[in-house]
Amino acid sequence: MAQDDGRIGRDGWQIGETARRAGISVRALRHYDRIGLLAPSRVTQAGYRLYDEAALLRLEQILFFRELGFSLCEIRRIMESPSYDMREAMRRQHGLLCQKRRRLDAMIARLERAMDGDGRAELEVFDMNEIERMKRQYADEVRERWGGTPAYEESLRRDAVRDETQALAAREEMEALMREFAGVRGLMPDDARVQALVARWQACITRHDYTCTDEILSGLGQLYACDARFAGNIDQFGEGTAACMSRAIAAYCARRAAVGKKDAPVT
């Protein structure tokens, strides 16, 4: 497989140049991909990872959040929320950065006074309470909009204890299943092979993220078809894969509801 060398591809920036422009490591970009935070726009047959303008804008958002001290887990939760809005996120980031600047300005001014001979301690300039309050408020609002559900809280708990190896294994299993869905795009949604894939998809989510009831699965299926971000991620495995999964999930949930198994435990 070819190694990414940072050259500019016709359809986007390769991983080396993307990392150089952002001032981060290639390893960091690969880690963002592994944990589902930022995938390349596409991977060429030669193995080059390409990042288009949409991917670069998403990376910019991630880096703003990182600059403000949000953990990768927190960033993922914010950006995966169905209520996530980039303009609103930028407004919040602007407010936090301005508050951070005010704190830095106060620290610089304190140093200047100290250099001029002011011997009084001014520990208040190190106060992070306002910045932390604003960060908590943002996280709390995301939780109120999307979270507060048992699934959300369960997902947070699992993320907190999952190591990189476990995160990579979960992502690889999900990607393998999406490739299988891509391979059955020509079949009817109620085909036995397609329905078996849906059952495995539901079990995979339950195993790695949160208990995926039929109700939650049905909502996810609708997102796959209607949310451009979800569709774009899934369709990297083949155009129309997201629509295939959406239709298959709808058929699966309808069949289970008809036989009285709605929200039955996943085995």
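So, here is what we can say about the structure in this document. None of the values given here were measured: they were computed from a predicted structure.

Basis of the calculations
Residues numbered from 1 in each chain as written. Predicted model: local features only at pLDDT ≥ 70, side-chain atom pairs only at ≥ 80, totals over all residues. Heavy atoms only, no water. Helix = DSSP H or I, 4+ residues; strand = E, 2+ residues; numbered from the N terminus. Buried < 20%, exposed > 50% of the residue type's maximum accessible area, 1.4 Å probe, protein only. Contact = heavy atoms within 4.5 Å. Areas by Shrake-Rupley, 256 points an atom, 1.4 Å probe, with all protein chains shown as cover. Phe/Tyr/Trp six-rings, centres within 6.5 Å; stacked < 30°, edge-to-face > 60°. 1 Å grid on protein atoms, 1.4 Å probe; cavity = no way out; pocket = protein on both sides within 12 Å on 5 of 7 lines; lining within 4 Å. Points joined across faces, edges and corners; volume = space filled by probe spheres on them. Nonpolar A, V, L, I, M, F, W, Y, C, P; charged D, E, K, R; others polar. Axes fitted to C-alpha atoms, helices over the stretch in contact; angles between N-to-C directions. Parallel < 35°, antiparallel > 145°, perpendicular 65-115°, else oblique. Polar contact = N/O pair within 3.5 Å; in protein donor to acceptor, adjacent residues only side chain to side chain.

1. As for the overall build of the chain
Part 1 of the reasoning: Helix and strand counts for the chain come out as 12 helices and 4 strands.
Part 2 of the reasoning: Counting over 267 residues, the chain shows a buried share of 41%.
Part 3 of the reasoning: Excluding contacts between residues fewer than 6 apart, the proportion of contacts in the chain whose partners are at least 24 apart in sequence is 63%.
Part 4 of the reasoning: In the structure as shown, the chain presents an accessible area of about 15200 Å², 53% of it carried by carbon and sulfur atoms.

2. Comments concerning the packing of aromatic side chains
Part 1 of the reasoning: Evaluation of the coordinates by the stated rule reveals 3 aromatic pairs.
Part 2 of the reasoning: The interplanar angle of 80° and the centroid separation of 5.3 Å between the aromatic rings of Phe 65 and Phe 70 together place this pair among those described as edge-to-face.
Part 3 of the reasoning: Its relative accessible area of 2% is what places Phe 70 among the buried residues.
Part 4 of the reasoning: On the basis of an interplanar angle of 75° and a centroid distance of 6.4 Å, the ring pair of Trp 201 and Tyr 224 is categorised as edge-to-face.

3. Details of the layout of surface pockets
Sizing a probe to match a water molecule and rolling it over the atoms shows the empty space that remains.
Part 1 of the reasoning: In this structure, the second largest pocket spans a volume of roughly 200 Å³.
Part 2 of the reasoning: If you trace the second largest pocket, you find it lined by Thr 18, Arg 21, Ala 22, Glu 53, Leu 56, Leu 57, Leu 59, Glu 60 and Leu 63.
Part 3 of the reasoning: Counting only elements with at least two residues in the lining of the second largest pocket, the list comes to α1 (15–22) and α3 (53–67).
Part 4 of the reasoning: Here the residues of the lining of the second largest pocket are counted per class, giving 5 nonpolar, 1 polar and 3 charged.

4. Remarks on the packing of helix α9 (residues 192–208) against helix α12 (residues 241–258)
Part 1 of the reasoning: Put simply, α9 and α12 touch, their axes get as near as 9 Å, and they point 85° apart. Between α9 and α12, the crossing angle belongs to the class labelled roughly perpendicular. Of α12, the residues touching α9 (which contributes Val 194, Gln 195, Val 198, Ala 199, Trp 201 and Gln 202) are Met 245, Ala 248, Ile 249, Ala 251, Tyr 252 and Arg 255.
Part 2 of the reasoning: A class-by-class count of the residues in the contact of α9 with α12 yields 9 nonpolar, 2 polar and 1 charged.

5. With respect to the side chain of Arg 256
Part 1 of the reasoning: Tracing the chain through its elements places Arg 256 in helix α12.
Part 2 of the reasoning: At 2.7 Å, the side chain of Arg 256 and the side chain of Asp 214 are in polar contact.

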